[in-house]
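The primary structure of each chain is shown beneath.
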Amino acid sequence: MAENNKHIVIDFDSTFTQVEALDILGEISLHTHPERKARLQAIKDITDKGMEGGMTFRESLDARIDLLDAHKNHLPELISKLKTKVSVSFKRNTDFFLKNSDNIYIISNGFKDFILPIVTEFGVLESNVFANTFHFDSDGNIIGFDKENVLSSNQGKVKVLQQLGLVGDVYVIGDGYTDFEIKKAGLANKFYAFTENVLRDQIVQNADHITPSLDEFLYLNKMNTAISYPKNRIKVLLLENVHQRAVDLMKAEGYQVEVYPAGLDEDELCEKIKDVSIIGIRSKTQITRKVIDHANRLISIGAFCIGTNQIDLQACLERGIAVFNAPFSNTRSVVELAIAEIILLMRNLPDKFSMMHQGKWDKSAGSSFEVRGKKLGIIGYGNIGAQLSVVAESIGLEVHYYDIEEKLALGNAKKCSSMNELLETVDIITLHVDGRPENQNMIGENEIKHMKQGVVFLNLARGHVVDVPALKKALESGKIRGAAVDVFPEEPKSNNDEFVSELRGVNNVMLTPHIGGSTLEAQENIAQFVPGKIMEYINTGSTSNSVNFPNLQLPTFINAHRLIHIHKNVPGILAHINNLLAQHDVNIVGQYLKTNETVGYVITDIDKEYDQDLIDSLKKIEHTIKFRVLY
Ligand code: NAI
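In short, a report on the structure. Computed from a prediction, not measured in an experiment: that's the story for all the values here.

### Some details on the sheet that holds strand 14 (residues 375-379)
The sheet built from seven strands is open, its strands ordered 16-15-14-17-18-19-20 with parallel pairing. Lying at the two open borders of the sheet, with one neighbouring strand each, are strand 16 (414-415) and strand 20 (509-511). Of the pairings in the sheet, the one linking strand 14 to strand 15 (residues 398-402) comprises five bridges and is parallel in character. Bridging from a neighbouring strand, Gly-377 pairs with His-400 of strand 15. Sheet contacts for helix 17 (residues 331-346): strand 14, strand 17 (428-431), strand 18 (455-459), strand 19 (480-485) and strand 20; angle to strand 18, the most-contacted strand, approximately 150 degrees. With respect to the sheet, helix 22 (residues 468-477) is in contact with strand 18, strand 19 and strand 20, its orientation differing from that of strand 19 by roughly 140 degrees.

Structure (structure tokens):
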């Protein structure tokens, strides 16, 4: 008998697995049946009616078996499909099944023929599985079920519980009426409505607790081992139409996800953010200090974009909120556009396009060059610059680059020791510097003087880094023979505002509305990258790539508890933590510390069961900002 004599009765269909097995069996057995669609719908309707208590169980089972036209040979396929459909939170908590196998019972009105192969893989004992069995005819057709089995009759689960005569507490986890009946008959202490896969109003209303995943049940009963806090309690708010991929990933993780197509203003956000643990925004939503002051539960912010100016990073840091963005999810998109524009400009195509639209046929090779063998100068050799270097070289450009920081030259790229050296050497100049204030007008009249006559120029970095009137002058004089500009010192706030720039109407300049990084792939990459970082932070404490937190990349921890302590960066905290651990006789297996000017971030892996007392004292250490335990 496990601790406290707790017996846990679990339903199979839509609880242990995400689906109703007979629905899946129908999809297999009726695959080529002419009435397939109608029959599958009928089976589903009968299942729901039975679940909600609107039909006797025997009637519903008889009717479904009749409609199924199933055969023994269909069962292996059913079983392999069901194996892929085990509820996500069950998969996450395999430990729980192994640890409590003596006291876990699967009681189902489904069939042992497919239940046993699934649940025994989790360590559930065959003797603890109670379910029906099929009857087959001599050709292997499923023609009925064992009518002697109490589970084929109404109140079947109640009868099994009566026969079992369990001593101690009985908890029932299920999604259907027959599960609730056990509690109703006085045979269970508590009925937990399991809503991870289906939510039936009538069942939820009758439940003692709603458990949106197994994690919640384990948390309520202090049986959790796989995670420290039920993920369904983590509320996520995603604003500004964040890509569906992010929504799906967060939901699959078990979080409660709420989505808003637009942004929210400060007051709305102050209200909305109160019980939110994770917020996802794009560039419009302003996360101010006031918003942070209202964010009592906020653990992390995801900026589903590159920039993070819209977030008060310092306020986040002071409250122990880790911010993540997607610094290179659209790198490749920018690079591809730059390559395309370099080729178009070298072929003088913007001119050709406009002439064609005016009806002018100018078939000539004049001013049209291959890019092969030409010298490309990349200013700013960061994520984009370096990636462009590789792609440009592969189509035959000779790459020169200049960066204010020491950067590894990729491939055969040649480093220039000054910007002027680069400007004087190359045929094509492309800017990929960041937008720091010192870079304001870094390309102006003086720099243009250093360029070769008739160069091609691109700015896909930031508008203010180029002195636009000087660029216009150089384009008009032919010093720069063609340019591509994607970013501007002043950009329209929305698609409804007019684009105003001196560059409008200037010949041989390709103007694009800041779309260098705007591709569907980039959006999807961002939606994949940011949730990945946030989930890693929540699950392991790793802060790699965080915009504001000290970056700690942590080893995976096995057989250890991980204590995560965020505190104000004042001397002596680490010693304090370690003193407390020593006082509680706890052995440290690994410890990682990183600080920045504002906070200290300490991860301690310990190998011993901890007591609540230790946790309370760690939380009480002066200057603690946040504390949490993993496992
Ligand atoms: P990054 O931060 O990886 O690289 C910037 C590089 O520029 C760094 O290596 C830095 O040392 C260097 N740098 C800064 N100032 C410099 C100077 N005065 N001279 C020479 N080197 C200098 O940034 P990443 O991701 O490569 O992005 C580059 C630019 O592209 C940024 O301004 C970013 O805002 C812009 N961008 C534009 C997009 C668009 O849609 N057009 C999309 C994505 C980024």
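Resuming the write-up.
### Here we look at the side chain of Ser-87
With respect to the element layout, Ser-87 can be found in the loop between helix 5 (75-83) and helix 6 (88-92). At 2.5 Å, the side chain of Ser-87 and the backbone oxygen of Thr-15 are in polar contact. Of the polar contacts made by the side chain of Ser-87, one reaches the side chain of Asn-197; its length is 2.9 Å. Non-local contacts of Ser-87, meaning those with residues more than four positions away in its chain, are made with Thr-15, Phe-16, Thr-17, Gln-18, Phe-194, Glu-196 and Asn-197.

### A few points about the sheet that holds strand 12 (residues 300-303)
Pairing is parallel across the open sheet formed by five strands, whose spatial order is 10-9-11-12-13. The open sheet terminates on both sides in strands that have one partner only, identified here as strand 10 (256-259) and strand 13 (322-324). On average, each strand axis in the sheet is tilted by 15 degrees relative to the strand beside it, whichever way the strands run. The pairing of strand 11 (residues 278-281) with strand 12 spans four bridges and is parallel. Paired with Ile-281 across the two strands is Ala-303, which belongs to strand 12. Strands in contact with helix 23 (residues 520-540) are strand 11, strand 12 and strand 13; relative to strand 12, the strand with the most contacts, it is inclined by about 165 degrees.

### As for the site of the ligand
Contacts to the ligand come from 27 residues, most closely from Ile-384, Asp-403, Val-433, Asn-439 and Asp-486. The contact in question runs from an oxygen atom of the ligand to an N or O atom on the backbone of Gly-517, over 3.0 Å. Compared with its free state, where it exposes 870 Å², the ligand has 88% of that area covered by protein.

### Brief notes about the pairing of strand 22 (residues 588-595)
One ladder, built from seven bridges, connects strand 22 with strand 23 (residues 599-606); its direction is antiparallel. Bridge pairing in strand 23 links Gln-591 to Thr-604. Between strand 22 and strand 23, which pair antiparallel and follow one another directly, the connecting turn spans three residues.

### Some points on the pattern of salt bridges
A full pass over the atoms with the stated rule returns 32 salt bridges. Measuring nitrogen to oxygen at the nearest pair gives 3.1 Å for the salt bridge that ties Lys-157 to Asp-11. Of this pair, Lys-157 sits in helix 9 (residues 156-164) while Asp-11 is found in the loop between strand 1 (6-10) and helix 1 (12-16), placing the two residues 146 residues apart along the sequence. Residue classification places Lys-157 among the buried residues on the basis of a relative accessible area of 2%. For the salt bridge of Arg-39 with Asp-69, the shortest nitrogen-to-oxygen distance reads 3.6 Å. You can see Arg-39 sitting in helix 3 (residues 36-51) and its partner Asp-69 sitting in the loop between helix 4 (57-68) and helix 5, a full 30 residues away along the chain. Given the relative accessible area of 16%, Arg-39 is considered buried. Through salt bridges with shared partners, one network takes in Asp-11, Lys-157 and Asp-179.

### Points about the nonpolar core
Ranked by size, the top nonpolar core spans 49 residues in total, and within it Ile-10, Phe-16, Phe-97, Ile-106 and Phe-114 carry the most contacts. Beyond its immediate stretch of four places on either side in the chain, Phe-97 contacts Ile-10, Phe-16, Phe-90, Ile-104, Phe-122, Val-124 and Leu-214. Formed by 34 residues, the second largest nonpolar core is a distinct cluster that contains Ile-278, Phe-324, Phe-549 and Ile-603.

### Section: the packing of aromatic side chains
Throughout the structure, instances matching the rule amount to 25 aromatic pairs. When the ring of Phe-549 is compared with that of Tyr-601, the centres are 5.4 Å apart and the planes differ by 75 degrees; the resulting orientation is edge-to-face. Remark: Tyr-601 occurs in strand 23 and Phe-549 occurs in the loop between helix 23 and strand 21 (561-568); sequence separation between them is 52 residues. There is no split in this pair, since Phe-549 and Tyr-601 are both buried.

Reading the values: rules and limits
- Residues numbered from 1 in each chain as written.
- Predicted model: local features only at pLDDT ≥ 70, side-chain atom pairs only at ≥ 80, totals over all residues.
- Heavy atoms only, no water.
- Pairing = 2+ DSSP bridges.
- Helix = DSSP H or I, 4+ residues; strand = E, 2+ residues; numbered from the N terminus.
- Contact = heavy atoms within 4.5 Å.
- Axes fitted to C-alpha atoms, helices over the stretch in contact; angles between N-to-C directions.
- Polar contact = N/O pair within 3.5 Å; in protein donor to acceptor, adjacent residues only side chain to side chain.
- Near = heavy atom within 4 Å.
- Areas by Shrake-Rupley, 256 points an atom, 1.4 Å probe, with all protein chains shown as cover.
- Salt bridge = Lys/Arg side-chain N within 4 Å of Asp/Glu carboxyl O.
- Buried < 20%, exposed > 50% of the residue type's maximum accessible area, 1.4 Å probe, protein only.
- Core = buried A, V, L, I, M, F, W, Y, C linked by side-chain atoms within 4.5 Å.
- Phe/Tyr/Trp six-rings, centres within 6.5 Å; stacked < 30°, edge-to-face > 60°.

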